[in-house]
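Geometric and topological summary
If you want the building blocks of each chain, they are given just below.
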Amino acid sequence: MNSEDLSPPSTQFTFHRIHGSRIRLSNNSKTATRLEAAKFYDNGVVYSALPLSGHAKFVVQAQELAEGWSGSFKIGVILISPEVFKDGFQPPRYSPAMPHSWVWSSLSLHVGQDLKISYGSVNLEDLKKGDKLGMEITREGTLQFLVNDRSQGAAAANVYATDKLVYGFVDHYGQAITSTIAEAFVNPFSLQHLCKRKILTGLTNNMAKLEQYLPGPLIAFLADT
């Protein structure tokens, strides 16, 4: 039996209960609105309620935008749980100042604090009401961003490579006021896969030396990726 046959069923999710200070959730936490949008342009960050794992998709539909500000939706993933912001600093917006992240903003992809590259065929500042914006991660950890169900190309590889939890986020910045979840699910890894990844993470630098001491069935298990 293939290890993926033992994967848990797909699970849908909403926005996380922890969010930016000007966000109001409604519609059973499936709609996010940035309050006082005429006066303030930031503090509109929302997160996926679940960590992204296995095959995951997180798509929102723009419901309300406003003129008068520069900038619009930003979207990305972070290797930080929203829970760490519960009693402390909540990022007012996502930018290159945020480490451990991949952030698509306008026509640029920001990777952590150091790298900025051109990305996508769509400028996020041109999104209109009804447009869909999202992300999808394959079981292999390849991240791509989507606009109206069209892939904008691979944005990152191996986002599951560390032991850190992976969360998606949407930043209602500038012109972006309201969005509603259009599709959001995780089809998580099987327990067998997670065990294998944990073992391989610990043995990466020592596998060749340790193979002579490992039992044959374990070597075969680790090799069956």
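Residues numbered from 1 in each chain as written. Predicted model: local features only at pLDDT ≥ 70, side-chain atom pairs only at ≥ 80, totals over all residues. Heavy atoms only, no water.

Here's the deal with the environment of Ser 105
The criterion, for reference: What counts as a helix is a DSSP run of H or I of at least four residues, what counts as a strand is a run of E of at least two, and both are numbered from the N terminus. Note on contacts: a residue pair is in contact if any heavy atoms of the two residues lie within 4.5 Å.
Along the chain, the position of Ser 105 falls in strand β7 (residues 101-105). C-alpha separation for the pair Ser 105 and Gly 76, spaced 29 residues apart in sequence, amounts to 8.8 Å. In contact with Ser 105, not counting residues within four places along its chain, are Lys 74, His 110 and Leu 124.

A few points about the packing of aromatic side chains
The following threshold applies: Here a pair means two rings of Phe, Tyr or Trp (six-membered ring of Trp) with centres within 6.5 Å. Their orientation is stacked below 30 degrees between planes, edge-to-face above 60, and tilted elsewhere. Only protein chains enter the calculation, and the probe is 1.4 Å; a residue is then buried if its accessible area is under 20% of its type maximum, exposed if over 50%, and partly exposed in between. Cation placement over rings: the criterion is NZ of Lys or CZ of Arg within 6 Å of the ring centroid and within 35° of the ring normal.
Within this structure, the stated rule accounts for seven aromatic pairs. Arranged with centres 5.2 Å apart and planes meeting at 85°, the rings of Trp 104 and Tyr 119 form a pair that is edge-to-face. You can see Trp 104 sitting in strand β7 and its partner Tyr 119 sitting in the loop between β9 (115-118) and β10 (132-137), a full 15 residues away along the chain. Of the residues examined, Trp 104 reaches a relative accessible area of 0% and is grouped as buried. In this structure Tyr 119 comes out as buried when scored by relative accessible area, which is 6%. Chaining the aromatic ring pairs together yields one cluster made of Phe 13, Phe 15 and Phe 58. A cation over an aromatic ring shows up here: Arg 22 above the ring of Phe 40, its NZ or CZ 3.6 Å from the ring centre.

Re the pairing of strand β2 (residues 23-26)
If a strand is regular, its side chains alternate between the two faces of the sheet. Heads up, the condition is: In this description, strands pair whenever DSSP reports at least two bridges between them.
Relative to strand β3 (residues 31-34), β2 runs antiparallel, the two being bridged by four bridges. If you follow Leu 25 over to β3, its bridge partner there is Ala 32. The antiparallel hairpin formed by β2 and β3 contains four residues in its connecting segment, where Asn 27 sits at a positive phi of about 55°.

A closer look at the pattern of salt bridges
To keep it simple, the criterion reads: The salt bridge definition used is simple: a Lys or Arg side-chain nitrogen within 4 Å of an Asp or Glu carboxyl oxygen.
If you walk through the whole model with that rule in mind, you get four salt bridges. In this structure, the salt-bridge partner of Arg 17 is Glu 83, at a minimum N-O distance of 3.0 Å. Taken together, the positions of Arg 17 in the loop between β1 (11-12) and β2 and Glu 83 in the loop between β6 (74-78) and β7 put the pair 66 residues apart, joining distant regions of the chain. Arg 17 sits in the exposed class, given a relative accessible area of 56%.

Here we look at the sheet that holds strand β4 (residues 45-47)
To be explicit about the condition: For helices, the fitted line uses only the C-alpha atoms of the stretch in contact; every axis is such a line through C-alpha atoms, and the angle between N-to-C directions lies from 0 to 180 degrees.
Strands sit in the order β4-β13-β6-β7-β8-β9 across an open sheet of six strands; the sheet is antiparallel. Looking at strand neighbours, the two that pair on one side only are β4 and β9, the edges of this open sheet. For this sheet, the mean angle separating the axes of adjacent strands, direction not counted, is 20°.

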